[in-house]
Amino acid sequence: MLIEVPKVKEAFLKKIEKIVGPLGYSSKNLDRLNYARDSSFKATIQMKYAKVEHFPDVIAWPRSVDEVQKLVKLAVAFKMPVVPFGAGSGVCGGTIPVKGGMIIDVKKMNRLITLDTENLVVEAESGIMSMGLEDQLERRGYTLGHFPSSIICASLGGCLAARSAGQLSSRYGKIEDMVLNLEMVTGSGEVVSTRNVNNSSGFDLNQLFIGSEGTLGIITKASLRIFPQPRTRAFRSVSFKDMPTSIEAIRRFMQLGVKPAVVRLYDELDTLLLVSSKSTGGKIREHGWSDKIKEMIKFSGLKAMLHSPRLLNASGKFFSRQCAVIFMFEGHEAIVREEKEMVMDLCLEMGAQDLGEKPARHWYENRYRVSYNASPLFHTGHFTDTIEVAASWDRVPLLYEKMVQAISPHAMIMAHLSHVYTDGGALYFTFVAPLRGLKSGEKMYDLIWEKAMKTCLGAGGTISHHHGIGRLKAKYMTDEWGEGLALYKELKNYYDPHHLMNPGKLM
Ligand SMILES: Cc1cc2nc3c(=O)[nH]c(=O)nc-3n(C[C@H](O)[C@H](O)[C@H](O)COP(=O)(O)OP(=O)(O)OC[C@H]3O[C@@H](n4cnc5c(N)ncnc54)[C@H](O)[C@@H]3O)c2cc1C
């Protein structure tokens, strides 16, 4: 692999060194290679074939808002693109330096600044890792309630910038629901701070910056609502005969005002692969074939079966014939008891089979593991990715059907519904296809995404519930935002007048 020479001059590096010190920056090739990609799967396909499209020229690790401000002002003076970097767990190419320039990685700004136990508010620097923040809160008896599957490898700033959702979002909300105020260094190097949102003094300025994906500036700290640690937890699981019935049941109990911490509905193929017959005491298995199909899909048979993905997807559905739903409730004992009863009564009335506690407990104990199953697939000559979209309840069943139909001819496709609210929920698709070479792999990857995004927009869905837009989905933002795009362009001109902040992302 040939790594192009950095375009920065020695004089520029000397100025960076003055701001962050000799160990606070690097233009070494190894560092430039490490920061050339995030965790997006297209970059993983390319990396497998030693293809790297874009390198940063220099990486800086500031320790304070003052240093961030000086770095941005320096970049403005030299007309150098700036890419804010949290932890690189983004899956949409959000940190890929498409125009080179300077990566500003805030991971050294990782302090929990204050914990206000009277008002239940925590203030922290944006480079703190989500797991580190949660650990510190839990040790004192609190929780943020934000548990993305990437909790060990995502920063607070990255979660805010990409509008992240944790696994318990149905109870605690998404990250944007937790923010009281934040601080950001804009693209012109000014520091802006927003005020507490519990007021009606105009509109909520926080929401201008949450989800801005580093295109307006660099978030340096935030204050967030926290909660007391839950006193108790309860687990239940059921299965329904099909997706439409399960979706309808979930809609009904969410609209009763129940707030389970976790609701995850798996489609037939996902049920077959993920919910083990052992964990349900055999209840999830209707006949002996399902385990055989599962073994074939999981091991050597997958490649052969992917010659005919449509058949594979159809047989998964045929042999499973059920959709598992797992629930976790948490909080005060009385509320947990009541919520569990209401949910279970409604599900059983609608024909669900009670699978007991085990599948839900099994999920809870392994909740951060499943996301890291991609490596074995890449090693065995496949590629995979996940597509998370969302819709209102009236559109969820059709969106699910259409997305499966669109992807089914090209890849193994399965989905679960999670992050459910009173007005709708998010569908999370996982696809797997054979990787037969760089060019054909990239082509197939792009085709699947193109079909998925167009299908989603056509079915009235939104193209992202929590992974954000990045580079991957930027070209669909005109359809997604409509007239909102003009407003964003004005904001961009105002906060990033030189258009140096994270070029090529979000639109
Ligand atoms: C295995 C796995 C599981 C995942 N599970 C989830 C999940 O459950 N829920 C979920 O929401 N996401 C999930 N993700 C996606 C990812 O973790 C989130 O998008 C997360 O918010 C990214 O955080 P990060 O710190 O790694 O950001 P990065 O990848 O570093 O950056 C993401 C974007 O935010 C910008 N950015 C980063 N920091 C700042 C800052 N301080 N100021 C301004 N802009 C900034 C970057 O420029 C980029 O555009 C998962 C990813 C992986 C790999």
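Everything numeric here is computed off the predicted structure, so don't read it as measured data.

Inspection of every chain in the model, using the stated rule, returns 22 salt bridges. Among the ionic pairs, K221 bridges to E123, the shortest N-O distance being 3.4 Å. Taken as a pair, K221 in strand β10 (residues 217-225) and E123 in strand β6 (residues 121-125) lie far apart in primary sequence, 98 residues in all. Among the residues examined, K221 registers a relative accessible area of 26% and is labelled partly exposed. Between E248 and R251 there is a salt bridge, and its shortest N-O distance comes to 2.8 Å. Remark: R251 and E248 occur in helix α10 (residues 243-254); sequence separation between them is three residues, near one turn of the helix. Using a relative accessible area of 25% as the deciding quantity, one classes R251 as partly exposed. Taken together, the shared-partner salt bridges in this structure form one network comprising E123, E183 and K221.

Time to look at the nonpolar core. I250, F327, I387, F429 and F431 are the most contacted members of the largest nonpolar core, which totals 104 residues. Looking at which element gives the most residues to this core, the answer is strand β14 (residues 323-331), with seven residues. Here this core gathers at least three residues from each of two domains, domain 2 (112-228) and domain 3 (232-458). Setting aside anything within four residues of it in sequence, one finds F429 in contact with D385, T386, I387, V389, Y400, M403, V404, I413, M414 and A415.

It is worth spelling out the domain arrangement of the chain at this point. Examined at the domain level, the chain breaks down into domain 1 (10-105), domain 2 (112-228) and domain 3 (232-458). On a C-alpha basis, the centres of domain 2 and domain 3 stand 29 Å from each other. With 16 residues of domain 2 at the interface, the matching set in domain 3 holds 17 residues. A buried area of about 1400 Å², summed over both sides, lies between domain 2 and domain 3, and 48% of it is on carbon and sulfur atoms. The largest share of the area that domain 2 buries against domain 3 comes from Q167, S170 and R171, three residues that together contribute 52% of it. Linking domain 2 with domain 3 are zero salt bridges, by the criterion used here. When the residues that make up the side of domain 2 that touches domain 3 are grouped by side-chain class, the tally is eight nonpolar, six polar and two charged.

Thresholds, definitions, all that
Residues numbered from 1 in each chain as written. Predicted model: local features only at pLDDT ≥ 70, side-chain atom pairs only at ≥ 80, totals over all residues. Heavy atoms only, no water. Salt bridge = Lys/Arg side-chain N within 4 Å of Asp/Glu carboxyl O. Helix = DSSP H or I, 4+ residues; strand = E, 2+ residues; numbered from the N terminus. Buried < 20%, exposed > 50% of the residue type's maximum accessible area, 1.4 Å probe, protein only. Core = buried A, V, L, I, M, F, W, Y, C linked by side-chain atoms within 4.5 Å. Domains from an automatic or database assignment. Contact = heavy atoms within 4.5 Å. Buried area = accessible area lost by both parts, 1.4 Å probe. Nonpolar A, V, L, I, M, F, W, Y, C, P; charged D, E, K, R; others polar.

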